[in-house]
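Results of the structural survey
So the chains spell out like this:
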Amino acid sequence: MMTKKMCLRQSLLLPCLALLMASTSLMADDKTEGKQKLKIVLLMGQSNMVGYAHPSTAWYLTQPMYVPPAKTATVHGRYFNWDEFYWSGVRFATGSKEFVAKGKALLDERGASRKLWRDRVYGDTGYNNDWKGWKKEWGPRPGDNGEGWRGDMQNFLHKKAEEEGLYKRMVEHIESPENKLHPKVAIELMARRDKPIADDIKRVREIFLKGVKATDFDKLDNALEPLGKITAENRAAYARLLKETINLPIAKRTYISAFGAVAGEDTEYAEYTKTARGPLTVGYALWPTSSGPEYPFGISFERMVDGPVLLIKCSWGGTSLHTDWRPPSLATEEKPMGERLKWSLDHIQEVLADPGKYHPDYDPEAGYEMAGLVWFQGWNDAGNTEYGDQLVHFIKDFRKTVKAPELPVICGLLGHVGWKLNTFDGPVNSGMLYASKHPDLKGTVDVVNTVKYMPIELGLMKSIKAACGEDSEEYKEAERIISRATSKDGTHYYGSAKFMYLTGDAMARKLANLMGGGEPTIFAEAAELGVRD
């Protein structure tokens, strides 16, 4: 029997969700009789929502996944080095809770050792040129062997860690029989990453690069040259040229109002808080040449629903749920409501007061409905053990403010953990799963697993160089591919359009499912990974 909730939402979607998700070209019927409500979707978060994905990196979607040489996983130097894939295995080594905790303890011990010896070398006032604070029992000082004043500080710190047996214990941890994710296993898993998501990749290629060949990207720079510097003012012209050269879509029924770190007009708020609005295209990000998940989300979402859509995006880099987005129900005198949340709510209320200003197809008689919230945030909450509880409060408070008590919510995991076995590691990813299971929210919150889209291979240039040498053919091939597939550092998923388009499309499908009365799908995925209630 169809519930009241499902009846209320039925008109939002094509009646058969399974058909909707299986088809890559299914469009909503634009001839629907009667007036249609404006569907408003809110997208909020930090720098990954701000967006660093340059459209030229979508070239990687036309290529088979790059797989680093196998020896990248085993070749390593004498000293710990994050740039070498083998050593990074200390961080992702997986097994029992006790085993994982031991790996974390080793990394903490390394940090403490480095701090201790730095403090002894430099003292309390910075560079300790006179060495008055150094004690004989600490052994030779850096520079005592003719190495110069700083005495090659990195080598000094490495030698101390080695003397303490730390690096030996790290190797033992990586090589332990308890470790279910040795670097050699990780490389093999990486090589197979795109196979389970082949349907997702196929759909995204069809939506965003239909008929486009790799060679079309070679023409892109020449095609854009007449535009000169891309700014907020010529963003629309830029988007048209992208459509002409690599067929990136321009939304037909979806508009956006972006607020925060976006290329646009100044506001009365702080620096890096601007506004921009218009038809949804690439460019509603920190730079008018890039995008976050709002672009792929909106393009995909438009194909799944009837009627006009308005996206309201509010995002800033370097912000935390603990402080900047802190919900009012957790506010205290010492920890007030988050400033960024307050600013966002002000902007949202301004848009809701006059939707016709932001979407030309808004019909006052039909009105609008709050269709959903997409939340992509968490990097600055990596150590926040209360993240799950805070997220529950955030969602409940937000729904109350926008007067949408059952507002569907989609959260995007932090994909940086990178490996299937580590999917729900850390307080942020586990906190999002916790919120989706919470009795007050269950059935209305779903989570997108971005871990399976994380392009780890795009961050291995230094590891490949260390393993194969700068003059090797392996390194030259990696450089050729990775340089075309990336536009930012790993914190922002390397600015990979492949990652961002897959993520945005998945967010759209998850929201469409909830709007149609479907159940969250993250629980089945978590169960497959061995995560139980």
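Because the structure is a prediction, the values reported are computed rather than measured. (Residues numbered from 1 in each chain as written. Predicted model: local features only at pLDDT ≥ 70, side-chain atom pairs only at ≥ 80, totals over all residues. Heavy atoms only, no water.)

**With respect to the nonpolar core**
Applicable threshold: Here, nonpolar core means buried Ala, Val, Leu, Ile, Met, Phe, Trp, Tyr and Cys residues that are tied together by side-chain atoms lying within 4.5 Å of each other. To sort residues, take the accessible area from a 1.4 Å probe on protein chains only and compare it with the maximum for the residue type: under 20% means buried, over 50% means exposed, and anything in between is partly exposed. Secondary structure counts use DSSP, requiring at least four H or I residues in a row for a helix and at least two E residues in a row for a strand, with both numbered from the N terminus. When checking whether two residues touch, look at their non-hydrogen atoms; a contact exists if any pair is within 4.5 Å.
One finds F297, W375, L391, F394, F398 and Y501 to be the most contacted residues of the largest nonpolar core, which totals 129 residues. For this core, the element with the highest residue contribution is helix α18 (residues 497-515), accounting for 12 residues. For Y501, the residues in contact, after removing those within four places along its chain, are P55, A58, L61, V204, F208, L248, V282, S291, Y295 and P296. Listed in part, the 11 residues of the second largest apolar core include Y79, V90, L166 and M170.

**Quick look at the confidence of the model for the protein**
Stated precisely, the cut-off is as follows: pLDDT expresses how confident the predictor is about each individual residue, on a scale running from 0 to 100.
On average, residues of the protein carry a pLDDT of 90, and 90% of them reach 70 or more. Segment residues 1-33: pLDDT under 50, and 46 contacts once partners within four positions in sequence are set aside and those in other chains are kept.

**Points about the packing of aromatic side chains**
Quick note on the threshold: Pairing of aromatic rings covers Phe, Tyr and Trp, the last counted by its six-membered ring, and requires centre-to-centre distances within 6.5 Å; plane angles under 30 degrees mean stacked, over 60 mean edge-to-face, and any other angle means tilted. For a ring to carry a charge above it, either NZ of a lysine or CZ of an arginine must fall within 6 Å of the ring centroid while also lying within 35 degrees of the normal to the ring plane.
Tallied over the full model, the rule gives 28 aromatic pairs. The aromatic ring of Y284 is capped on one face by R235, whose charged end is 4.3 Å from the ring centroid. Positioned over the ring face of Y358 is R277, at 5.2 Å from the centre of the ring.

**Observations regarding the environment of R326**
Filter applied, for reference: Here a polar contact is recorded for every N or O atom pair within 3.5 Å, except that within protein the pair must consist of a potential hydrogen donor and a potential acceptor, and residues adjacent in sequence are included only if both atoms are side-chain atoms.
One can find R326 in the loop between β5 (309-315) and α13 (339-353). Judged by relative accessible area, R326 falls into the buried class, the value being 8%. Between the alpha carbons of R326 and L391 there is a distance of 8.9 Å; along the sequence they are 65 residues apart. What R326 contacts, discounting residues up to four positions off in sequence, is L321, K335, P336, M337, G338, L341 and Q390. Reaching out from R326, the side chain makes a polar contact with the backbone oxygen of H322 at a distance of 2.8 Å.

**Observations regarding unusual backbone geometry**
Although it is not a glycine, N247 sits at a positive phi angle of roughly 60 degrees. Note that N247 resides in the loop between α11 (235-246) and β2 (254-260). Classification of N247 by relative accessible area gives partly exposed; the value is 27%.

**Let's talk about the pairing of strand β8 (residues 445-448)**
As a general feature of sheets, a regular strand has side chains that alternate between the two faces. What counts is decided by this rule: Strand pairing is assigned whenever DSSP detects at least two bridges linking the two strands. Orienting the strands away from the viewer, one traces the path from the first strand over the helix to the second; a clockwise path indicates a right-handed crossover.
Burial along β8 is two-sided: V445 and V447 and D446 and V448, pointing in opposite directions, are all buried. Summarising the sheet, strand β7 (residues 409-412) and β8 pair through four bridges and their orientation is parallel. Counted as the bridge partner of I410 is D446 from β8. With helix α15 (residues 426-437) bridging β7 and its parallel neighbour β8, the resulting β-α-β unit is right-handed.

**A closer look at the pairing of strand β4 (residues 274-279)**
Relative to β4, β2 is paired through six bridges, and the arrangement is antiparallel. If you follow S257 over to β4, its bridge partner there is R277. As judged from the two bridges shared by strand β3 (residues 265-266) and β4, these two strands associate in the antiparallel manner. Bridge pairing links D266 to K274 in β4.

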